[in-house]
Amino acid sequence: MREDGLDPEAWRQRRTSFGSVAAGYAAHRPDYPADAVAFLVGERPRRVLDLGAGTGLLTGVLLAAGHEVVAVDPAEPMLAELRARHPQVPTHVGDAEAVPLPDASVDAVVAGQAAHWFDPEPAAVQLRRVLRPGGVVGLVWNTRDEEVPWVAALGRALAAEARGHEADQGVVEAFAHALGARVEHHRSAVVQRLRPEQVVAGIATRSYVATMDDARRHEFLGEVRAVLDTHPDTRGRDLVDLPYRTDAYRLTSA
Ligand SMILES: C[S@@+](CC[C@H](N)C(=O)[O-])C[C@H]1O[C@@H](n2cnc3c(N)ncnc32)[C@H](O)[C@@H]1O
């Protein structure tokens, strides 16, 4: 059993579930604030590996900032969504533990909402291999901001199923240790303006929902919908603002 209470098979199923929700993922998950990306990789154009790039939400912010991006993810359906949005970006099916890129080929490796799926020790070997001297590793997560009462109510509805799937300081520490790196942290924020049904559709792309059987998923998403239908801050609203805290961690080796 893992520390987060999942057995290894449940963990594997969740980690490989993303291809089944690729289209919904691209449409309903938040992207990342430009200041977080500037903190991670700097302002100067760089060649950046987006590892666990998924449908390219972080890729898009990197491109807008002028960086050259190469994308790696184990889920081909996620990469197909990425290519549809960013046809100029080369994509490779691969894992953090076996990165299909040459040695010393990138200035930075970033992972958005993904590093908690990587195995830190073998991934760190790969990161050291593909990075050029002086290269940087950037890990970033968006976490729903539960300071906002209706978001806290949503969090309570998700809590029993969502355990172990949010940004985790322990993941950052494991990478810092494996890389022999020092860590700097930057906190910012991003807000999604969504219709209530889009909030529910975004929850449906979470790995713990994607791996439920149909009956359980239907029931669970009904409970999520009930929060939005009944909470005084969301009831009857056409659009709601869903706020996230963005935590960006820059890892540099001496
Ligand atoms: C929550 S999604 C994040 C996608 C994207 N980075 C974003 O910010 O929207 C996590 C991604 O990590 C990928 N992933 C899972 N295990 C991985 C591994 N061992 N190595 C690389 N990517 C992995 C999944 O296929 C999925 O696309």
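So, how was this worked out
Residues numbered from 1 in each chain as written. Predicted model: local features only at pLDDT ≥ 70, side-chain atom pairs only at ≥ 80, totals over all residues. Helix = DSSP H or I, 4+ residues; strand = E, 2+ residues; numbered from the N terminus. Rg over C-alpha atoms; globule rule 2.2 N^0.38 Å. Buried ≥ 20, exposed ≤ 12 C-beta atoms within 10 Å, placed from the backbone. Contact = placed C-beta atoms within 7 Å. Axes fitted to C-alpha atoms, helices over the stretch in contact; angles between N-to-C directions. Left-handed = near helix turned anticlockwise from the far one by under 90°. Nonpolar A, V, L, I, M, F, W, Y, C, P; charged D, E, K, R; others polar. Near = placed C-beta within 6 Å. Parallel < 35°, antiparallel > 145°, perpendicular 65-115°, else oblique. Arc of directions from axis to C-beta. Pairing = 2+ DSSP bridges. Right-handed = clockwise from strand over helix to strand, strands pointing away. Core = buried A, V, L, I, M, F, W, Y, C linked by C-beta atoms within 7 Å.

On to the overall build of the protein. Assigned secondary structure in the protein consists of 11 helices and 7 strands. For the protein, whose C-alpha radius of gyration is 18 Å, the value lies close to the compact-globule estimate of 18 Å for 254 residues. Along the longest, intermediate and shortest principal axes, the C-alpha atoms of the protein span 55 × 40 × 35 Å. Within the protein, the fraction of its 254 residues that count as buried is 39%. Across the protein, contacts joining residues at least 24 apart in sequence account for 76% of those joining residues at least 6 apart.

Looking now at the packing of helix α9 (residues 196–203) against helix α11 (residues 214–230). Contact geometry for α9 and α11: axes closest at 10 Å, N-to-C directions at 145°. Crossing of α9 over α11 shows right-handed handedness. Residues Pro196, Val199, Val200 and Ile203 of α9 form the contact with α11, whose participating residues are Leu221, Val224, Arg225 and Leu228. Partitioned by chemical class, the residues of the contact of α9 with α11 number 7 nonpolar, no polar and 1 charged.

This part covers the site of the ligand. By nearness alone, 21 residues border the ligand, and Gly52, Gly54, Ala96, Gly112 and Trp117 come closest of all. In the shell around the ligand, the residues fall into 12 nonpolar, 4 polar and 5 charged.

Right, let's get into the packing of helix α6 (residues 120–130) against helix α8 (residues 169–179). Viewed as axis vectors pointing N to C, α6 and α8 meet at an angle of 55°, and their least axial separation amounts to 9 Å. Between α6 and α8, the angle is such that the two are oblique. Read as a crossing pair, α6 and α8 show a hand that is right-handed. On α8, the residues touching Pro120, Glu121, Ala124, Leu127 and Arg128 of α6 are Ala174, Phe175, Ala178 and Leu179.

Attention shifts here to α9. Among the residues making up α9, those that are buried are Pro196, Val199, Gly202 and Ile203. Looking straight down α9, one finds its buried side chains confined to an arc of 115°; they lie on one side. Where α9 is buried, its residues meet α2 (22–28), α7 (149–162), β6 (181–194), α10 (207–210), α11 and β7 (240–253).

This brings us to the environment of phenylalanine 220. Mapped onto the secondary structure, phenylalanine 220 falls in helix α11. With sequence-adjacent residues up to four places away left out, phenylalanine 220 is seen in contact with Glu161, Val209 and Met212.

For strand β4 (residues 106–112), a buried count of 7 out of 7 residues is recorded, marking the element as mostly surrounded by other parts of the structure. As paired strands, strand β1 (residues 47–51) and β4 are joined by 3 bridges and run parallel to one another. Of the residues in β4, the one forming a bridge with leucine 49 is valine 109. Relative to strand β5 (residues 131–144), β4 runs parallel, the two being bridged by 6 bridges. The partner of valine 106 across the bridge, within β5, is leucine 131. One crossover worth recording links β4 to the parallel β5 by way of α6, and it is right-handed.

A few words on the nonpolar core. Core analysis: the largest hydrophobic core is formed by 56 residues, its most contacted members being Leu51, Val109, Val110, Val137 and Phe175. Per element, the largest residue contribution to this core is 6 residues, and it comes from β5. Non-local contacts of valine 110, meaning those with residues more than four positions away in its chain, are made with Leu40, Val41, Val48, Asp50, Leu58, Gly138 and Val140. Ranked by size, the runner-up nonpolar core spans 11 residues in total, among them Ile203, Tyr208, Val209 and Val227.

Let us now look at the environment of alanine 53. On the secondary structure map, alanine 53 appears in the loop between β1 and α4 (57–64). Taking the C-alpha atoms as reference points, alanine 53 and alanine 111, 58 residues apart in sequence, are found 7.0 Å from one another. Leave out the neighbours within four places in its chain, and alanine 53 touches Leu58, Thr59, Ala71, Val72, Asp73 and Leu82.

Sheets are built from strands that pair by backbone hydrogen bonding, the pairs being arranged parallel or antiparallel. What the 7 strands build is an open sheet, ordered β3-β2-β1-β4-β5-β7-β6; its pairing is mixed. Where the open sheet ends on each side, the last strands, each with one partner, are β3 (91–93) and β6. Going across the sheet, the axis of each strand differs from the next one's by a mean of 20°, ignoring polarity. Strand contacts of α8: β5, β6 and β7, with the helix running at about 15° to β7, the strand carrying the most contacts.

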